[in-house]
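Here are the chains, one letter per residue:
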Amino acid sequence: MSTVVTVLGATGSIGRSAADVLAAHPDRFRIEAVVGGRDVAGLAATAKALGARFAAVADPDAHDALREALAGSGIASGSGASAVMEAVARPADIVVAGIAGTAGVLPTHAAVRLGRVVALANKECLVCAGHAFMRDAAAAGATVLPVDSEHNAILQALGRHEAADVERMILTASGGPFRTWSRERIAAATLKEALAHPNWSMGAKVTIDSATLMNKGLELVEAHHLFGVTAEVLGVVVHAQSIVHGLVSFRDGSVVAGLASPDMRVPLAHCLGFPDRIATPVKRLDLAAIGRLDFEEPDLDRFPALRLAQTALAAGGGAPTILNAANEIAVEAFLEGRIGLFGIPELVERVVDRMHGRNDPSPPASIEEALSLDAEARSIARENLLAVNLLH
Ligand code: MG
């Protein structure tokens, strides 16, 4: 019997990689539903290529266009938030959670509450609402498998071992396009330079987060929730080649690392095949051709966003939720050319400082509470944008 799969965020970077893996195994997988944001043509093409039964576009005004694009295919369709939820509610064994940003939180939460195996690529479920998300997933018997390369490598390195066996969990960071740049040069970096990631091709938001190293900071928060380890256990090492993705150091001194070519189809195939292994057409790792693997300490002076994230993780409570929301507004402002690269950590620090203290020390108790704290942090970030704009 085939494994039934639904893909949320089917037209984005993760969704396209997932479709590639799924299409290579037509006998193993049957696609129930695909969900996209507003790219109707891309969504219809994916739905047809994968033979999905249902396609949902989040844009409520796009249903006519989607219906037209799917005409004659026999694929049912819908639009708006209710159609997205209908896609999630349809029967599936695995849900690929590839909707980027806060928009992905409610649909992905609905999938874990249905007890699905969730191949999780959305970061906000864990960074904004990790406590409630993982608690609800456990209560529903859902399995959360991380798609993010670092967490996927750590999951594989962990094997059957528990957090008690682990001394350190290390996430690698490529260092992004500014790894060797001076602070002065980074301060003057253009949008084009920030978007030129050396190893990974990803969406704009995560590419900017990789340039500031905020992405690695957010991944520390994710690892804390996924693996139930404290901030002290988690570390970051800069590894420019992006070949080693994550390492687990056990209490006997053994270190197990996860290596692969930097291609998201590898962790996606791991999640989609789990617990089996399925073939991918990905370039095989040739260590002799690569020649060397370099590692260095992250420079928190040139990449202050990483320090902010570490501080927020250690502070706990709502701090990571606030940090993530402020960062989204800051990155948006950078993408619009309204602030420089160092304006991003500057704005995030302002918002976290302003909201800290009156913030409950316990994390948001529900998804709704997390989203309302997120919304509040965004509006405070917007209010502070002008002041940061004047400084940078
Ligand atoms: Mg990553």
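Residues numbered from 1 in each chain as written. Predicted model: local features only at pLDDT ≥ 70, side-chain atom pairs only at ≥ 80, totals over all residues. Heavy atoms only, no water.

Please clarify how the nonpolar core should be interpreted in this entry.
Side chains that are nonpolar tend, in soluble globular proteins, to be buried together. By size, the foremost hydrophobic cluster in this structure holds 93 residues, and its most contacted members are Met169, Phe178, Leu323 and Val351. Other than its neighbours up to four places away in sequence, methionine 169 contacts Ile154, Leu158, Phe227, Val229, Val233, Leu234, Gly235, Leu247 and Val248. Membership of the second largest hydrophobic core comes to 35 residues, among which are Ala18, Val40, Ala44 and Ala62. (Core = buried A, V, L, I, M, F, W, Y, C linked by side-chain atoms within 4.5 Å. Buried < 20%, exposed > 50% of the residue type's maximum accessible area, 1.4 Å probe, protein only. Contact = heavy atoms within 4.5 Å.)

What exactly am I supposed to notice about the packing of helix 8 (residues 149–158) against helix 12 (residues 214–227) here?
Packed helices, taken two at a time, are described by their axes: the angle between them and the distance between them. Their axes nearest at 10 Å, the elements helix 8 and helix 12 cross at an angle of 35 degrees. Considering only the axes of helix 8 and helix 12, their crossing is right-handed. Mapping the contact onto sequence places Glu150, His151, Ile154, Leu155 and Leu158 in helix 8 and Lys216, Glu219, Glu222, Ala223, Leu226 and Phe227 in helix 12. (Axes fitted to C-alpha atoms, helices over the stretch in contact; angles between N-to-C directions. Helix = DSSP H or I, 4+ residues; strand = E, 2+ residues; numbered from the N terminus. Left-handed = near helix turned anticlockwise from the far one by under 90°.)

What's the story with the pattern of salt bridges in this structure? I'm lost.
Oppositely charged side chains can pair when the atoms bearing their charge come close. Under the criterion given, the structure shown has 24 salt bridges. Residue aspartate 294 is joined to arginine 292 by a salt bridge in which the shortest nitrogen-to-oxygen separation is 2.6 Å. Taking the relative accessible area as the measure of exposure, aspartate 294 reaches 26% and is therefore partly exposed. Assessed through its relative accessible area of 55%, arginine 292 is described here as exposed. For arginine 302, the salt bridge identified is with aspartate 299, shortest N-O distance 2.9 Å. In this structure, a network of salt bridges that share partners links the residues Lys123, Asp148, Glu150, Lys216, Glu219 and Glu222. (Salt bridge = Lys/Arg side-chain N within 4 Å of Asp/Glu carboxyl O.)

Teacher, can you tell me more about the coordination of the magnesium ion here?
Each pair of donors in an ideal octahedron of six around a metal sits at 90 or 180 degrees, and each pair in an ideal tetrahedron of four sits at 109.5 degrees. At this site the magnesium ion is bound by Asp148 (OD), Glu150 (OE) and Glu219 (OE), with donor distances of 2.1 to 2.3 Å. Site description for the magnesium ion: donor spacing in sequence, D-x1-E-x68-E. Here aspartate 148 is found in the loop between strand 7 (143–146) and helix 8, whereas its partner glutamate 219 is found in helix 12, with 71 residues between them in sequence. Taking the relative accessible area as the measure of exposure, glutamate 219 reaches 1% and is therefore buried. (Donors = N, O, S within 2.8 Å, 3.2 Å for Na, K, Ca; no water.)

Just checking my understanding: could you explain the sheet that holds strand 8 (residues 166–173) for this structure?
The strands making up a sheet associate through backbone hydrogen bonding, with each pair oriented either parallel or antiparallel. As summarised here, the arrangement of the four strands in space is 9-8-10-11, forming an open sheet in which the pairing is mixed. Across the chains shown, the open sheet's two edge strands, defined by having one partner strand only, are strand 9 (234–238) and strand 11 (255–259). Neighbour-to-neighbour, the strand axes of this sheet turn through a mean angle of 20 degrees, independent of strand direction. Here strand 8 pairs with strand 10 (residues 244–250) via five bridges, running antiparallel. Across the sheet, arginine 168 pairs through a bridge with serine 249, a residue of strand 10. Across the sheet, helix 8 is in contact with strand 8, strand 10 and strand 11; its angle to strand 10 comes to roughly 35 degrees. (Pairing = 2+ DSSP bridges.)

In this structure, what is going on with a nonpolar patch on the surface? I would like to understand it.
On the surface, a nonpolar cluster with roughly 450 Å² of combined accessible area is contributed by Leu259, Leu285, Leu287, Ile290, Leu293 and Phe295. Tracing the backbone shows isoleucine 290 in helix 14 (residues 287–290). In this structure isoleucine 290 comes out as partly exposed when scored by relative accessible area, which is 31%. (Patch = residues over 30% accessible without salt bridge, like charges linked within 9 Å, V, L, I, M, F, W, Y side chains within 5 Å. Areas by Shrake-Rupley, 256 points an atom, 1.4 Å probe, with all protein chains shown as cover.)

What is the right way to look at the packing of aromatic side chains in this model?
The relative placement of two aromatic rings is captured by the distance of their centres and the angle of their planes. Overall, the coordinates contain one aromatic pair when judged by the stated rule. Arranged with centres 4.6 Å apart and planes meeting at 50 degrees, the rings of phenylalanine 178 and tryptophan 181 form a pair that is tilted. Residue phenylalanine 178 is classed as buried on the basis of its relative accessible area, which comes to 0%. Just above the ring of phenylalanine 342 sits the side chain of arginine 183; from NZ or CZ to the centre is 4.3 Å. Here arginine 185 stacks its cationic end above the ring of tryptophan 181, 3.7 Å away from the centre of that ring. (Phe/Tyr/Trp six-rings, centres within 6.5 Å; stacked < 30°, edge-to-face > 60°. Lys NZ or Arg CZ within 6 Å of the ring centre and 35° of its normal.)

Help me understand unusual backbone geometry, please; the structure alone is not making it clear to me.
What you tend to see is this: most non-glycine residues have negative phi, and most peptide bonds are trans. The peptide bond linking phenylalanine 274 to proline 275 adopts the cis configuration, its omega dihedral lying at 5 degrees. Here proline 275 lies in the loop between helix 13 (265–273) and helix 14. Even without being glycine, leucine 213 reaches a positive phi, approximately 70 degrees. Its location among the elements puts leucine 213 in the loop between helix 11 (204–212) and helix 12. Phi at serine 242 takes a positive value of approximately 50 degrees, unusual for a residue other than glycine. The buried category is assigned to serine 242, whose relative accessible area is 5%.

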